[in-house]
Each structure stands twice: as structure tokens, then as C-alpha cells.
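Chain by chain, the residues:
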Amino acid sequence: MSNNIEKNNTLLWGKMAMLLIACVLVVRLISLFSFPLMDTTEARYGEMARIMAETGDWITPMFDYNVPFWGKPPIFTWISAAGIELFGINEFAVRVPHLLLTVLMLVMSYWFVNSELKNKVLALTTVAITATSAVFIVVGGSVMTDTALTLAITLGMMSFWKFSQSEVKSKDAYKWGLIFAVAMSIGMLSKGPLTLVLVGISLFGWLAFNNQWRLLLSFPWISSLGLFFALSVPWYIAAELKTPGFLDYFIVGEHFKRFVVSGWEGDLYGSAHKEARGMIWVHWLGAALPWSPLLIWQTIKGLRSGDASEKGKPSLRSFLWCWMLAPMILFTMSGNILASYTMPAIPAMAILVAMNINFESKKQFTLVKVCGLSISVILIIVTGLLGSNLTSKQAEKGLLTSWKLQSNHTELPLYYVGKRPFSGQFYSDGVAQQVTNKEEITTPSYVVIDTKRIEPINGCNAVADSKRRRLLYCP
């Protein structure tokens, strides 16, 4: 009788986990084309991908025509530009490659947990928790750099764990060492040396906590370093040769000054994010919702009862904690942070939460189901608000759709007076020009003005309006 009950519980948990995964992926897939690229981040990176696809320059991402973007390596641009080559210039094309990377991470999580803990339901639950974490849902289908970085760190941490569990100097150990090198190369082409720092903090903490320094002696350093440099260094050399100054800005500015100088003024492509020191922990609480409170409760309960290592291997548990905490430790003293910086911690957090779940508890089953489904409902609501232009987020798609419907629009200039948003560049296919004042406008032309800052232009007729801007035709 007890075996039947246990079997039924297992089937129920498995079905529930698959339902959560299916719901969130379907909703996220639909959302890819349900609202426009929003200014600033998504539209900026989408426009860089559009320029790359148009110009055929696959070495240096361009902030604008002939203006190199030194802020990030190119993987995020490469995959979105590849999407444009396949599907044309639209939101789905630039977003779907990032969602595919997210799905790949979910598959990796399932494989890792199932291979280590020999429990398919636990593995499915891990995937469901990962997929329904707030930052994973938001960033995982958005045109941002954090998805590729998280993929690299996830592959790197999983492969190092596999290496640590292999026999010394065995073929398996050698294989996992090489896969670790590939992961670090992906990270170097996703966000640069930050990958090495985050993984280094995780592994240093775990090696010290478990006194596993012997692993460093048996690691295949020569082959792995050779593979790492062969995969990552050529692009850095090519980028510096093509646009001299890249290495100084990217290595020193982006990887030192950005994190230690609050409100760093050397940013060439926007403004630094001013946050109080230690805010990364608050960001993690929000980014890991709805699961962060559950993990905290599980941890406190485990410490009180003294059974924190009952389920799963103690060394794996400490490995996951070191993996999860690394981003918060690194960014604790940084004033220039975003909530998306915590994304690399989510796969480890999900495994920890799943390992602590009592699969025989009806209360925990209900809790997990409600938390997981609530994220899908929230995502549907937010997608609807963005698609209906009912949020404070701005995009130029509506205005420029009206512009494209006008006759002879391709033969006339299109001007933005004052600020030209990135979505204006993307949705005009790069046609939109920026002018500082109305006197620079030549006629006939189309003109977009900020109605809160720019007075109406005499002799021009209104064509369309958005919340903030107006499209004019000036004959």
C-alpha cells in the first residue's frame, strides 16, 4: 500500500513539474512577438544585431553605424543577428535565440540532477523551479547578455563537478576538463573575464571548504588552457586590431571601474547604475522569486534540525551553495549593478530548493504548484500590458509603423529632434537620423518630436502620436 502511495506521489509531482515547465515555455514563446523591443536595453542590443546583419561585420558589434560597441563581447549580437538572417527584422528573430539558450540550460539542469541524484522527479522539479524564477523568465527570452553568461557558468560549474567525481587522470576527467575550458571560452565571448571571476569565487570557496585542493593538481591544465585560448583569444585580437582602444576600455573600464566606482562616468554607452552597497542581495531576493523565501525557510529549518545534508551528497550541497552565492559576494561592494546580475545563481538555487522538498507533503506540493503557476499568470499580465502600451516602458514601433504606411517614405528623410531612441533606429531599419534642433531639418521629410520638450513645428502635419512622441510630415 505504501509503495502505491509513493508511486502516486511521484507521478503527481512529475506531472505537475512538466505542467509548470510547459506553461511557462509556451507563454514565454508567445511573448516573444507580443510586444515591441523596449528602450533602452532590448532595443539597443536588437539594433546592434540589426546593424551586424545588415553590414556583415561579425567582428565588432556597432553601437551605431561606424561607432564600435566596446561594452560587451559579441555572442549576444551574433545569435540575435543570426535570428535576423533566418526570420527577418522583427522581435521574434532577435529574442528567440536567447530563449533557445534558456531551454538548453533547462535540459542541462535535468541531465545534471538526474545523473547525480538518480531521481527524475527531482530533476523535473529542478527544471520547473529554474524556469519559473522571475529573472529566468524575464531575461531568458530578452535580448540581453546575461543568458549566454549564465549558460557558460552553468556548463562550467557542472563540468567541474563531473571532473571532481571522475577518477584521477581518467578519460572522463580529461573530457570534463576540456568541456570546462569550452564553457569558460563561451563566457569570455559572452561577458568577458567576469565569467572567470564568478567561477573562480565559486570553486575557490568549495575547494577550501572541502579541502579538495588535490583536484587542481590533477586538472588537465595544458590541454584545457590551450583549448580556452584557441577559442577565445582570436576574437579579442581581431576586435583590438579592428578598433584600437577596445581592450583598454573593456578590461580596465568594464571590469574594474564599473564595479568599484559608483556612478562611473567613463561609460561610453549610457549611464552607470547607482545603487547602495549590498543591494545585490535585495536584487537576488526579487530575482529568485517566488523561490527565494522558500530556500531561506528550508535552510533555517535544516540548520535547526541538523539534517541539512540528509538528501543528496553533502559535497554537492556545499558546491551548489558556493555556486549560488558567488554573484552576490562579487557584487556586494559594487554600486553599479542590475538584478539580472544574479541570474547565474538561479540554476544552483533551483537544485538546492528541489533537494530540500518533501515529495510526500501535500502542503509543499500545493505550494510549489501555486508558486509556479503564479509566475505564468504574471507573465501573461505583463505581456498584455506591454503589448497594449499600458506601462511606462516606451517603444517606437507604433509611430514607425505609421511612417512605413505613408507613401514614398523610403525617399524622404526621417528625423528625430533631440533624442533618438534605439527602438527608433531598429523599427526604421536604421533610416532615422538624429538632429539637435529643428533648424537642421530639411524638407520634405518626416519628423518625430518629443511633445513634452519640443514645440510643434510650423507647417508640419501630425501623422501619428504615442504617449510621448508625435510623428509629423513636413512638406
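Refer to the structure above for everything that follows.
Residues numbered from 1 in each chain as written. Predicted model: local features only at pLDDT ≥ 70, side-chain atom pairs only at ≥ 80, totals over all residues. Heavy atoms only, no water.

Scanning the protein from terminus to terminus reveals 19 helices and 7 strands. Computed over C-alpha atoms, the radius of gyration of the protein comes to 25 Å, within 12% of the 23 Å expected from 2.2 N^0.38 for 475 residues, which places it in the range of a compact globule. With respect to the principal axes defined by its C-alpha atoms, the protein has extents near 80 × 55 × 40 Å. Expressed as a percentage of its 475 residues, the buried residues of the protein come to 53%. (Helix = DSSP H or I, 4+ residues; strand = E, 2+ residues; numbered from the N terminus. Rg over C-alpha atoms; globule rule 2.2 N^0.38 Å. Buried < 20%, exposed > 50% of the residue type's maximum accessible area, 1.4 Å probe, protein only.)

Here the focus is the pairing of strand E6 (residues 461–465). One ladder, built from 4 bridges, connects E6 with strand E7 (residues 469–474); its direction is antiparallel. Note on E7: the bridge partner recorded for Asn461 is Tyr473. Hairpin connection between E6 and E7: a loop of 3 residues separates the two successive antiparallel strands. (Pairing = 2+ DSSP bridges.)

This next bit is on the pattern of salt bridges. A pair can form between side chains of opposite charge whenever their charged atoms are brought close. Within this structure, the stated rule accounts for 13 salt bridges. Across the pair Asp57 and Lys242 runs a salt bridge whose closest N-O atoms are separated by 2.7 Å. Note that Asp57 is positioned in the loop between helix H2 (41–55) and strand E1 (62–64) and Lys242 in helix H11 (residues 221–242), a separation of 185 residues in sequence. Taking the relative accessible area as the measure of exposure, Asp57 reaches 15% and is therefore buried. Using a relative accessible area of 38% as the deciding quantity, one classes Lys242 as partly exposed. A salt bridge links Lys162 to Glu116; its shortest N-O distance comes to 2.7 Å. Pair noted here: Lys162 is in helix H7 (residues 146–164) and Glu116 is in helix H4 (residues 91–117), with a separation of 46 residues, a long-range link. Comparing Lys162 with Glu116 shows no difference in burial state: the two are buried. (Salt bridge = Lys/Arg side-chain N within 4 Å of Asp/Glu carboxyl O.)

The full count for this structure, using the stated rule, is 1 disulfide. The thiol sulfur of Cys371 is not disulfide-bonded, and the nearest other cysteine sulfur, from Cys23, lies at 15 Å. The buried category is assigned to Cys371, whose relative accessible area is 14%. (Disulfide = S-S within 2.5 Å.)

Bringing the side chain of Ser159 into the picture now. By the secondary structure assignment, Ser159 is in helix H7. Take Ser159: its relative accessible area is 1%, and that puts it in the buried class. In this structure Ser159 touches Trp176, Ile179 and Phe180, once residues within four positions along its chain are discounted. (Contact = heavy atoms within 4.5 Å.)

Secondary-structure assignment places Leu20 in helix H1 (residues 2–31). Sequence spacing of Leu20 and Ile375 is 355 residues, and the spatial spacing of their C-alpha atoms is 9.4 Å. When residues no more than four places from it in sequence are discounted, the contact partners of Leu20 are Ala128, Val368, Lys369, Gly372 and Leu373.

Looking at the element boundaries, Val113 is found in helix H4. Residue Val113 is classed as buried on the basis of its relative accessible area, which comes to 1%. Between the alpha carbons of Val113 and Leu19 there is a distance of 19 Å; along the sequence they are 94 residues apart. Apart from residues lying up to four places away in sequence, Val113 is in contact with Lys118, Leu122, Ala123, Thr126 and Ile351.

Within the secondary structure layout, Ser185 lies in helix H8 (residues 171–188). Once residues within four sequence positions are removed from consideration, Ser185 is found in contact with Leu227, Phe228, Leu231 and Ser232.

This part covers a nonpolar patch on the surface. Nonpolar side chains collect at one region of the surface, where Phe204, Trp213, Leu216, Trp221, Leu225 and Phe229 lie side by side and expose about 590 Å² of accessible area between them. For the nonpolar patch, the element with the highest residue contribution is H11, accounting for 3 residues. Turning to its location among the elements, Phe204 is positioned in helix H9 (residues 194–210). Residue class for Phe204 comes out exposed when judged on its relative accessible area of 54%. (Patch = residues over 30% accessible without salt bridge, like charges linked within 9 Å, V, L, I, M, F, W, Y side chains within 5 Å. Areas by Shrake-Rupley, 256 points an atom, 1.4 Å probe, with all protein chains shown as cover.)

Our focus in this paragraph is the packing of aromatic side chains. Counted under the stated rule, the structure contains 31 aromatic pairs. Ring centres of Phe163 and Phe219 lie 5.0 Å apart, and the angle between their planes is 75°; on these two criteria the pair is classed as edge-to-face. With a gap of 56 residues between them, Phe163 in helix H7 and Phe219 in the loop between helix H10 (214–218) and H11 connect regions that are remote in the sequence. Each member of the pair, Phe163 as well as Phe219, carries the same accessibility label: buried. Ring centres of Tyr236 and Phe246 lie 6.0 Å apart, and the angle between their planes is 40°; this geometry places the pair in the tilted category. Placement of the pair is Tyr236 in helix H11 and Phe246 in helix H12 (residues 246–260), with a sequence separation of 10 residues. Classification of Phe246 as buried rests on a relative accessible area of 1%. A connected cluster of aromatic rings, assembled from ring pairs, spans Tyr45, Phe63, Phe69, Phe76 and Phe422. (Phe/Tyr/Trp six-rings, centres within 6.5 Å; stacked < 30°, edge-to-face > 60°.)

Below, the discussion takes up the nonpolar core. In terms of nonpolar packing, the biggest core is built from 96 residues, with Phe160 and Met349 touching the most fellow members. Those residues within four positions of Met349 in sequence are excluded, and the remaining contacts are Ser133, Trp284, Ala288, Trp291, Leu295 and Met324. Formed by 29 residues, the second largest nonpolar core is a distinct cluster that contains Leu37, Met48, Ala93 and Leu412. (Core = buried A, V, L, I, M, F, W, Y, C linked by side-chain atoms within 4.5 Å.)

Bringing helix H17 (residues 362–387) into the picture now. Because an α-helix completes one turn every 3.6 residues, residues spaced three or four positions apart along the sequence face the same direction. Here H17 spans 38 Å end to end across 26 residues, near enough to the 38 Å set by a 1.5 Å rise per residue. Those residues of H17 not exposed but buried are Gln364, Phe365, Val368, Cys371, Gly372, Ile375, Ser376, Leu379, Thr383 and Leu386. Two or three places before Lys363, at the start of H17, stands the capping residue Ser361, its side-chain oxygen 3.4 Å from that residue's backbone nitrogen. (Expected span 1.5 Å × (residues − 1). Polar contact = N/O pair within 3.5 Å; in protein donor to acceptor, adjacent residues only side chain to side chain.)

These values are about where atoms sit, not about what they do.
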